[in-house]
Amino acid sequence: MQIKSRLLIVGAIISLIALSTLQGYLTFNTYDLRKHKFAVESRSKIGSIVNTPYVDSLSWDYRMDFVKKIPEYRNGKITKEQLVLELENAAKARNGKFLEYFKQGANHFDLEENIYFKKVASSIQLIYENGETDDIIIESDNNPSFLIGTDFPMEEGLIINAWNWSFDEEFINNNLEKEIVVIKYRATLYMKIDDWDRIIFKQLMLLFFIAFLLFVFVISLVTYSIRNLLKLKRISEIKTDFINNITHELKTPLATLSIAIKTLSSKYAKDNNDIAQVSIDTINRQNLRLQNLIDQVVDNSLGYNDIILNLEPINLSDFINEICDDFSLTLSNNIQFLRSIENTTTQVKVDKFYLSTAIINILNNAVKFEGTVLKVAYSIKKDIHIISISDNGIGISKKNKKLIFGKFFRVSEKDTHNYKGLGLGLYYCSEIIKAHKGTIEVESNENEGSTFYIKIPSNNDKKNLVG
Ligand code: ADP
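Residues numbered from 1 in each chain as written. Predicted model: local features only at pLDDT ≥ 70, side-chain atom pairs only at ≥ 80, totals over all residues. Heavy atoms only, no water.

Student: Pulling in residues and values, what's your account of the domain arrangement of the chain?
Tutor: What the domain assignment reports for the chain is domain 1 (2-203), domain 2 (224-300) and domain 3 (312-457). Distance between the C-alpha centres of domain 1 and domain 3: 83 Å. (Domains from an automatic or database assignment.)

This is how it looks when you write it as structure tokens:
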């Protein structure tokens, strides 16, 4: 059972981790695919906006302005840099119109607001009639000229496509001869998506939300199942312990009873009245012991709702002193019994029988679990009556402290010596104190003794105080 449930828990945790990793991977993949799809869609929308006769004619106009400046360059009137600047300025002069047109197109095609477009001249080469070539812009230099759109750093852009154009221009050179120059021009289109994670996240928000909810749901389900499994395991262990304990407790009186009955039915007892009387006394004692054992199980199993209190106003100082007086008579000489009982005249409503049962149960435990110095204290703080019972016995581990008030709970015999008991005493105490609308707590460390605190509010006769 132990190995099986441990395997089950490990299996469940591993499956949960595997499932979460898979879910994380799939979500990430979906995110990636969505990003890709978004880029493709945006690219195609931009394509639809800029591949139009209007944009073509704009581009044609600034290219022609540039072409017209080539003879001046060839004839040495302007430098290469000035020629490039002519192209840039010609494009710039038309950019206002272009941007307006792009905005309208973006509205029409429902393009996200933070997607930008630019066109650059990435390479320009002039080839003269004599075969001479002149590179105005070299593509590999990666220093293109911005033409139209919104300028942004190259490394932030995604290429939409590139476009080539070739044109022959005839002009008169410095020698007054006609010359033809071939212009090889290449433009590249880029787009930039600002804050693109936010856009994709917005689009996938519902998916992420459902995935997150499912994840939380599965984790809760697994945690709940594991906790339930552990609880059931614990209950089953506690029940087995209880059956072992009660069998053990029943064995001794039953064995004594059977010996006494044998003696009583033997011929010695028939001939000897004294022997018969001793056997009858033994039978009576064992019968009483068995009766007590059964009463203990029946009574101590009562829940606080089943406990019907007969509340009467009493002075707890006197009452606790009386309990201590009686209890001290049962103690052997090697046990030191101390008291620190505040003398008050305050009264509180309690059931004397039940409250004394609870206090005596705790005192008995203090002795049973090897306490040699016991101390009972009583005080009233902020209308709460506090009874504390301490011992210097074996103490209780941190783990068990939370469990000792549970029904049938006993600290495992592996961890302690074999102390007699059914694991009902503290459960019964806590139910009695609950019925009084109070609380019971323990402070303890292993091998350092324990202190039990019973706290009963002064107004405990009012309804709905503590559940
Ligand atoms: P029982 O005494 O019959 O075992 P209880 O319900 O009275 O059952 O106590 C539950 C468990 O709490 C005990 O088995 C013991 O391990 C622990 N315990 C209770 N009182 C003390 C104490 N004073 N010192 C150490 N351990 C204690």
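Structure shown, so let's carry the discussion forward.
Student: An account of the site of the ligand is needed here, citing residue identities and associated values.
Tutor: As a matter of local geometry, the ligand sits amid 20 residues, with N365, K368, R410, V411 and L426 nearest to it. Here an oxygen atom of the ligand sits 3.0 Å away from a polar atom, N or O, in the main chain of L422. In this structure, L426 approaches the ligand through a main-chain N or O atom, which is 2.8 Å from an oxygen atom. In the complex, the protein chains occlude 97% of the 530 Å² of accessible area that the ligand would expose alone. (Near = heavy atom within 4 Å. Polar contact = N/O pair within 3.5 Å; in protein donor to acceptor, adjacent residues only side chain to side chain. Areas by Shrake-Rupley, 256 points an atom, 1.4 Å probe, with all protein chains shown as cover.)

Student: Break down the packing of aromatic side chains for me, citing the residues and quoting the values.
Tutor: Within the structure shown, the criterion is met by 15 aromatic pairs. Pairing F98 with F117 gives two aromatic rings, centres 5.7 Å apart and planes at 40°, and the pair type is tilted. With F98 in helix α3 (residues 80-108) and F117 in strand β1 (residues 115-128), this pair connects stretches of sequence that are 19 residues apart. Across the pair, exposure class does not vary: F98 and F117 are buried alike. Taking the ring centre of Y185 as reference, the NZ or CZ of R63 above it sits at 5.8 Å. Taking the ring centre of F152 as reference, the NZ or CZ of K118 above it sits at 4.8 Å. (Phe/Tyr/Trp six-rings, centres within 6.5 Å; stacked < 30°, edge-to-face > 60°. Helix = DSSP H or I, 4+ residues; strand = E, 2+ residues; numbered from the N terminus. Buried < 20%, exposed > 50% of the residue type's maximum accessible area, 1.4 Å probe, protein only. Lys NZ or Arg CZ within 6 Å of the ring centre and 35° of its normal.)

Student: Explain the pairing of strand β11 (residues 439-444) residue by residue, including any values.
Tutor: Of the two faces of β11, the one lined by I440, V442 and S444 is fully buried and the one lined by T439, E441 and E443 carries no buried residue. Linking two consecutive strands that pair antiparallel, namely β11 and strand β12 (residues 450-457), is a turn of five residues; a positive phi of about 65° is found at N447 within it. (Pairing = 2+ DSSP bridges.)

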